[in-house]
Amino acid sequence: MSSTQLNFPDRAAHRAWLASNAALPAGFRVGTAKFEFTPAEAPKPSRMTMTLIALDEPTADFAAVFTRNAFPGAPVVVGRRRLGEPRLGAIVINNKISNVCAPGGVEASERVCAEAARLLGMAQGEVMPSSTGVIGWGLPVDAMARSFPPRRGS
């Protein structure tokens, strides 16, 4: 039964119900981290959420769909490259900054993927980036690398 057909006394009860019904399929791990950083483009504290979804074993059985926009962001450019890799094992997702039209965006996406790969014991090409948020701002790569979510558990 979906949660829209149920009544919950409060948000915490709803979240607990979701957690008990949202188990990942076997072979997947997920972790989420929230951290503060200061964007270079707008020097005031901001918060980012980063999620890391990893397979226990990278697989050759993967697919992706990307925008057909004439000016795709760095995560799309890197993601399209990943389609040529033999295996995929993880995806790193962040909010707050889209990494679109940002100087050095592709390199930033690759650095984030490299850090995730290092922590997971995978090859850099086995990690795909995904970002959403403000266009034109650069990713806070160092803050992201320091804040990678837990790599164990589901």
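In the block above lies the structure referred to throughout.
Along each chain, residue indices are assigned from 1 in the same order as the chain's sequence is written. Only residues with pLDDT of at least 70 are given local features in this predicted model, and only at 80 or more are side-chain atom pairs given and counted; all residues enter the totals for whole chains, interfaces and linings. Processing note: side-chain calculations cover all non-hydrogen atoms of the structure and skip hydrogens and water entirely.

Novice: Got a minute to help me understand the overall build of the protein chain in this structure?
Specialist: What counts as a helix is a DSSP run of H or I of at least four residues, what counts as a strand is a run of E of at least two, and both are numbered from the N terminus. Broken down by element type, the protein chain carries four helices and four strands. Listed by position from the N terminus, the elements making up the protein chain come as α-β-β-α-β-α-β-α. The principal-axis extent of the C-alpha atoms belonging to the protein chain is close to 45 × 40 × 30 Å. Only protein chains enter the accessibility calculation, which uses a 1.4 Å probe. A residue is then buried if its area is under 20% of the maximum for its type, exposed if over 50%, and partly exposed in between. The buried share among the 154 residues of the protein chain stands at 38%. Long-range pairs, those at least 24 residues apart, make up 74% of the contacts in the protein chain with a sequence separation of at least 6. The accessible surface values rely on the Shrake-Rupley method and a 1.4 Å probe; as for residues, cover is taken only from the protein chains in view. Carbon and sulfur atoms make up 54% of the accessible area of the protein chain, which totals about 9100 Å². Contact criterion: two residues are considered in contact whenever any of their non-hydrogen atoms come within 4.5 Å of each other.

Novice: Teacher, can you tell me more about the pattern of salt bridges here?
Specialist: Oppositely charged side chains can pair when the atoms bearing their charge come close. By definition here, a salt bridge exists when the distance from a side-chain nitrogen of Lys or Arg to a carboxyl oxygen of Asp or Glu is within 4 Å. Under the definition given, this model contains seven salt bridges. In this structure, Glu110 and Arg82 form a salt bridge, with 2.8 Å as the shortest nitrogen-oxygen distance. With Glu110 in helix H3 (residues 105–120) and Arg82 in helix H2 (residues 74–82), this pair connects stretches of sequence that are 28 residues apart. Assessed through its relative accessible area of 3%, Arg82 is described here as buried. Taking the shortest distance from any N to any O, the salt bridge between Glu126 and Arg87 comes out at 2.6 Å. Of the two residues, Glu126 sits in the loop between H3 and strand S4 (127–131) while Arg87 sits in the loop between H2 and strand S3 (88–94), which places them 39 residues apart along the sequence. Judged by relative accessible area, Glu126 falls into the buried class, the value being 8%. According to the relative accessible area criterion, Arg87 is partly exposed, its value standing at 36%.

Novice: Before we go on, may I ask you to explain the side chain of Glu126 in this structure?
Specialist: What qualifies as a polar contact is a pair of N or O atoms within 3.5 Å, subject to a donor-acceptor requirement within protein and to the restriction that residues adjacent in sequence count only when both atoms come from side chains. A polar contact is formed between the side chain of Glu126 and the side chain of Arg87, at a distance of 2.6 Å. Setting aside residues no more than four positions away along its own chain, Glu126 makes contact with Pro58, Arg87, Leu88, Gly89 and Ala90.

Novice: Where do I start with the nonpolar core in this structure?
Specialist: In globular proteins that are soluble, nonpolar side chains generally tend to be buried together. Here, nonpolar core means buried Ala, Val, Leu, Ile, Met, Phe, Trp, Tyr and Cys residues that are tied together by side-chain atoms lying within 4.5 Å of each other. Ranked by size, the top nonpolar core spans 24 residues in total, and within it Val92 and Val127 carry the most contacts. Ranked by residue count, the leading element in this core is H3, at six residues. Setting aside residues up to four positions removed in sequence, Val127 forms contacts with Arg82, Leu88, Ala90, Val92, Cys113, Ala116, Ala117 and Met122.

Novice: Would you explain the side chain of Arg82 in this entry?
Specialist: A polar atom in the side chain of Arg82 sits 3.5 Å from the backbone oxygen of Gly125. The contacts of Arg82, once residues within four sequence positions are left out, are Phe62, Glu110, Cys113, Gln124, Gly125, Val127 and Met128.

Novice: Just to check I follow, could you spell out H2 for this structure?
Specialist: Each α-helix winds once per 3.6 residues, and so residues spaced three or four apart point in a common direction. Those residues of H2 not exposed but buried are Ala74, Pro75, Val76, Val78, Gly79 and Arg82. On its buried side, H2 packs onto H3 and S4.

Novice: Looking at this structure, how should I read the sheet that holds strand S1 (residues 28–37)?
Specialist: Remark on secondary structure: sheet strands pair via backbone hydrogen bonds, oriented parallel or antiparallel. The pairing criterion is simple: DSSP has to find at least two bridges between the two strands. Taking strand neighbours across the sheet as the criterion, the four strands line up as S1-S2-S3-S4 in an open arrangement whose pairing is mixed. If you trace the sheet from one side to the other, it starts and ends with S1 and S4, each paired once. If you compare each strand with its neighbour and ignore which way they point, the axes differ by 15° on average. Interaxial angles span 0 to 180 degrees and are taken between N-to-C directions of axes, which are lines fitted to C-alpha atoms, for helices over the stretch in contact.

Novice: Whenever I open this one, the environment of Met122 confuses me. Can you help?
Specialist: Mapped onto the elements of the fold, Met122 is located in the loop between H3 and S4. Between the C-alpha atom of Met122 and that of Pro58, which follows or precedes it by 64 residues, the distance is 8.0 Å. Beyond its immediate stretch of four places on either side in the chain, Met122 contacts Ala54, Leu55, Pro58, Gly89, Ala90, Ala117 and Val127.

Novice: Help me out: how do you make sense of the packing of aromatic side chains in this one?
Specialist: The criterion for an aromatic pair is that two Phe, Tyr or Trp rings (for Trp, the six-membered ring) have centres within 6.5 Å, with stacked assigned to planes under 30 degrees apart, edge-to-face to planes over 60 apart and tilted to the rest. All chains considered together, the criterion is met by two aromatic pairs. With a centroid separation of 5.9 Å and 55° between ring planes, the pair formed by Phe8 and Trp17 is classed as tilted. Ring geometry for Phe35 against Phe37: centres 6.2 Å apart, planes inclined by 50°, an arrangement best described as tilted. Comparing Phe35 with Phe37 shows no difference in burial state: the two are buried.

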